[in-house]
Amino acid sequence: MAEIGTNIEKAAEILQQGGLVGIPTETVYGLAANALNSDAVSGIFVCKNRPSFDPLIVHIAGIEDLSKYASDIPEIALKLANAFWPGPLTLLLHKKDIIPDITTSGLPTVGIRVPDQELTLSLLKNLSFPLAAPSANPFGYVSPTSAKHVNDQLGDKLQYILDGSNCGIGLESTIVGFDQEGAVIHRLGGLSVEDIEKVAGKTKLQISSSSNPTAPGQLDVHYAPKCKIMLESDTAIALEKLPEGSKIALIRYQKLFPEFSAFDQFVLASDGNSKTAAKRLFAILRLLDQYSYQYAIAEPAPELGLGLAINDRLRRASVQV
Ligand code: TXA
Ligand code: MG
């Protein structure tokens, strides 16, 4: 198992030597390495069993570092960075040569963000290089929102995990690229479309699926626990479809479902707020496996605020039964 602690100097030393460290961010925990060191970055792909065609996000200490790693930055990108960094927004920008090809899986663009997490920001300020960091989970599984989640799955492959407690947002960053007409959303995430559009104007949604993972590696089945998830607004009908005698949980948005054991129900947001739901979602998906549920029927979130991103994750975690 990895050591869990808050020692930034120790984390920095491991990273300087080309090693991997689990780091907290406001979205999910990352598996970090020196983004400018090809060997260190290749360690990330091996550790999480990630296909080499899935590019990594580069984390920087502040907007002032942006021009070291990206060029031809559109005006709206700067406006978005100024409005939302540090925060759950990744910008796809033309990469400079200093970023090795392995980090971007050979793409001419690089995903960059400034995370909003105190410890990780201090760490980044202490380093002379940016950090490449995908979510710190084995490829295809649910992203981690606590140091323990990281340790549970990658602990035997890591020396150190920086502990920033539970992630404040709980969903990965929203990924935004740019075309001639403006901002294009490539992954729904912790920053809502409404908030982005207040700064960038009307955006386009270009969320790819399994057939076209060329850009954001957004494979259809992703974020998936072992428990089979059904995304279904009518819980009663979904219950009828499941084999009798199976161990079933319900993921409810705000209220319990009557006529079903309360013990087997997980409520995302009893206050009805999509931010509360986002923060709890991944921990609940992990609990389903911990308690060995075979099936979970998930009620979709209202399609407002972070509800769109929550439904995107539930859809990708779900299967046809
Ligand atoms: O919130 C987050 O973004 C977290 C934390 C750790 O920062 N990171 C994260 O990384 O979610 P990851 O690797 O699990 O997901 C990043 C996604 C990938 O699916 C990848 O395809 C997409 O970002 N991406 C990265 N660089 C890209 C690029 N140049 N063009 C298109 N998509 C890119
Ligand atoms: Mg991920």
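One can find the structure itself at the top, above this paragraph.
I will try to describe carefully the structure that is included in this document. (Residues numbered from 1 in each chain as written. Chains lettered and ligands numbered in written order. Predicted model: local features only at pLDDT ≥ 70, side-chain atom pairs only at ≥ 80, totals over all residues. Heavy atoms only, no water.)

Glancing now at the pattern of salt bridges. Overall, the coordinates contain 15 salt bridges when judged by the stated rule. Where Asp101 meets Lys95, a salt bridge forms, and the shortest distance between an N and an O atom there is 3.5 Å. In this structure, the salt-bridge partner of Arg252 is Glu299, at a minimum N-O distance of 3.8 Å. Of this pair, Arg252 sits in strand β14 (residues 248–252) while Glu299 sits in the loop between β16 (295–298) and α10 (307–317), and the two are 47 residues apart along the sequence. For the pair Arg252 and Glu299, one class covers both residues: buried. Taken together, the shared-partner salt bridges connect Glu172, Asp312, Arg313 and Arg316 into one network. (Salt bridge = Lys/Arg side-chain N within 4 Å of Asp/Glu carboxyl O. Helix = DSSP H or I, 4+ residues; strand = E, 2+ residues; numbered from the N terminus. Buried < 20%, exposed > 50% of the residue type's maximum accessible area, 1.4 Å probe, protein only.)

Taken as a whole, this structure holds 0 disulfides when the rule is applied. Note on Cys167: no disulfide assigned, nearest cysteine sulfur contributed by Cys47 at a separation of 17 Å. Since its relative accessible area comes to 3%, Cys167 is described here as buried. (Disulfide = S-S within 2.5 Å.)

The next subject is the sheet that holds strand β13 (residues 228–231). A sheet is described by the order of its strands in space; here 4 strands give the open sequence β13-β16-β14-β15, paired in parallel fashion. With partners counted over all chains shown, the strands left at the sheet margins are β13 and β15 (265–267), one partner each. For this sheet, the mean angle separating the axes of adjacent strands, direction not counted, is 20 degrees. Here β13 runs beside β16; their pairing, made up of 4 bridges, is parallel. Each residue of the ladder has a partner; that of Leu231, found in β16, is Ala298. In the packing of helix α9 (residues 274–290) onto the sheet, the strands contacted are β13, β14, β15 and β16, and the crossing angle to β15 comes to about 170 degrees. (Pairing = 2+ DSSP bridges. Axes fitted to C-alpha atoms, helices over the stretch in contact; angles between N-to-C directions. Contact = heavy atoms within 4.5 Å.)

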